[in-house]
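# Coordinate analysis (summary)
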Number of protein chains: 2
Amino acid sequence: MIQYPSGKRIRNQENKPATSSGRGMALEEDINATNAYYLSYDIANIHKKPTPIQVVNVDYPARNRAKITEAYYRQSSTTDYNGVYKGRAIDFEAKETRAKTSFPLASLHQHQIKHLESVDQHGAIAFVIIRFTLLDETYVVFAKELLSFLKTTTRKSIPLTWIKDNGHEVKSTYTTPCHYLEVLDKFIKESL
Amino acid sequence: MIQYPSGKRIRNQENKPATSSGRGMALEEDINATNAYYLSYDIANIHKKPTPIQVVNVDYPARNRAKITEAYYRQSSTTDYNGVYKGRAIDFEAKETRAKTSFPLASLHQHQIKHLESVDQHGAIAFVIIRFTLLDETYVVFAKELLSFLKTTTRKSIPLTWIKDNGHEVKSTYTTPCHYLEVLDKFIKESL
């Protein structure tokens, strides 16, 4: 990260992440930082779940902690993030794309969509956060809207125009680089 | 598992896990089986979070999937289970003990207690499931009761008598070997 003489990071000057392009983890980092802020100010308790790993072999070297020597990544059966906010269960998946005009559906797995549908039916606030990395635009798309769209299309991607119409743009601030709860606040008010 | 000529498992005959003694994972297995039942019958969507593992080294053998060759278990900053039931966020930790008269508090980590307090304040139904393996008794203790107890004591364990008075015994059935939602149903009714 380039430090300008003022000590400010570039992103802070525009309230947008100028360096996120090309880094697959940028959105995850932004969400984690945002969740840490929410937690530390007692706004919400939302966490990323650990990546599921299948452990095959573990060594127990004397006087050392257990060392995993063979393991493999497993596919998660749920979404990556969940928690609680204002008494509501929160559940979402986060995806970023380098595409500029649509979000490729291949990056949303069928089991994730099924999970979002299930938690939505059980009363959670379920959604996907989609970031268009090269456009520096991030949206919340609620599960209900997403599922309606998926049921009426055979497309392999969601047009950005549809996302602009049916999703909700997420603002970025210095302390909350992916401030998705602001979108949810509006949603919670409307649904009460 | 011994199969009797009838094909029934022992535990099925008494609706109690006869083989849980001495196996540290029995409670986890029972909760996982129960959650799978809840999920398949669309009763609730509650999952165990993956164990957090810090990956240090990964090999990418040609034509094979990524193989993790060095990794370590990390301590979780949250509880093990969460999800959604009847619109409410659910969050809990599960512990079993071989003690017969009290539950040793050493097995509940400070960060787990802090997490339970936090999600409870945000409106989740937060609790601990405690199983006395040798007694074959399992209890739900809600975070509010647990935290009140912890604030007024310097004890290093919770007496079973206190748990019997302030907790709620969990029934075991063949399909739901740790049927904790039955306890929650009563709680949800009372709190509305």
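Cut-offs applied
Residues numbered from 1 in each chain as written. Chains lettered and ligands numbered in written order. Predicted model: local features only at pLDDT ≥ 70, side-chain atom pairs only at ≥ 80, totals over all residues. Heavy atoms only, no water. Salt bridge = Lys/Arg side-chain N within 4 Å of Asp/Glu carboxyl O. Helix = DSSP H or I, 4+ residues; strand = E, 2+ residues; numbered from the N terminus. Buried < 20%, exposed > 50% of the residue type's maximum accessible area, 1.4 Å probe, protein only. Contact = heavy atoms within 4.5 Å. Buried area = accessible area lost by both parts, 1.4 Å probe. Polar contact = N/O pair within 3.5 Å; in protein donor to acceptor, adjacent residues only side chain to side chain. Nonpolar A, V, L, I, M, F, W, Y, C, P; charged D, E, K, R; others polar.

## Notes on the pattern of salt bridges
The full count for this structure, using the stated rule, is 14 salt bridges over all chains. Between Asp120(A) and Lys144(A) there is a salt bridge; the shortest N-O distance is 2.9 Å. With a gap of 24 residues between them, Asp120(A) in helix 3 (residues 110–121) and Lys144(A) in helix 4 (residues 143–151) connect regions that are remote in the sequence. Residue classification places Asp120(A) among the buried residues on the basis of a relative accessible area of 14%. Lys86(B) is the partner of Asp185(B) in a salt bridge, and the nearest nitrogen-oxygen pair spans 3.0 Å. Here the residue Asp185(B) occupies a position in helix 6 (residues 180–191), and Lys86(B) occupies one in the loop between strand 4 (81–85) and strand 5 (88–97), the gap between them amounting to 99 residues.

## Re the environment of Leu146(A)
Residues and elements named next belong to chain A. Secondary-structure assignment places leucine 146 in helix 4. As a C-alpha pair, leucine 146 and glutamate 28 span 118 residues in sequence and 21 Å in three-dimensional space. For leucine 146, the residues in contact, after removing those within four places along its chain, are Leu108, Val128, Val141, Ile158 and Trp162.

## Focus: the interface of chain B and chain A
Facing 40 residues of chain B, the contacting portion of chain A comprises 40 residues. By the criterion of area lost to chain A, the three top residues of chain B are Ile68(B), Tyr73(B) and His122(B), representing 22% of everything that side buries. Across the contact surface, chain B and chain A share zero salt bridges. Summed over the shared surface of chain B and chain A, the result is seven residue pairs in polar contact (both at pLDDT 80 or more). Tallying contributions element by element places strand 3 (residues 67–73) of chain B first for the side of chain B that touches chain A, with seven residues. Looking at the side of chain B that touches chain A residue by residue, the classes come out as 18 nonpolar, 15 polar and seven charged.

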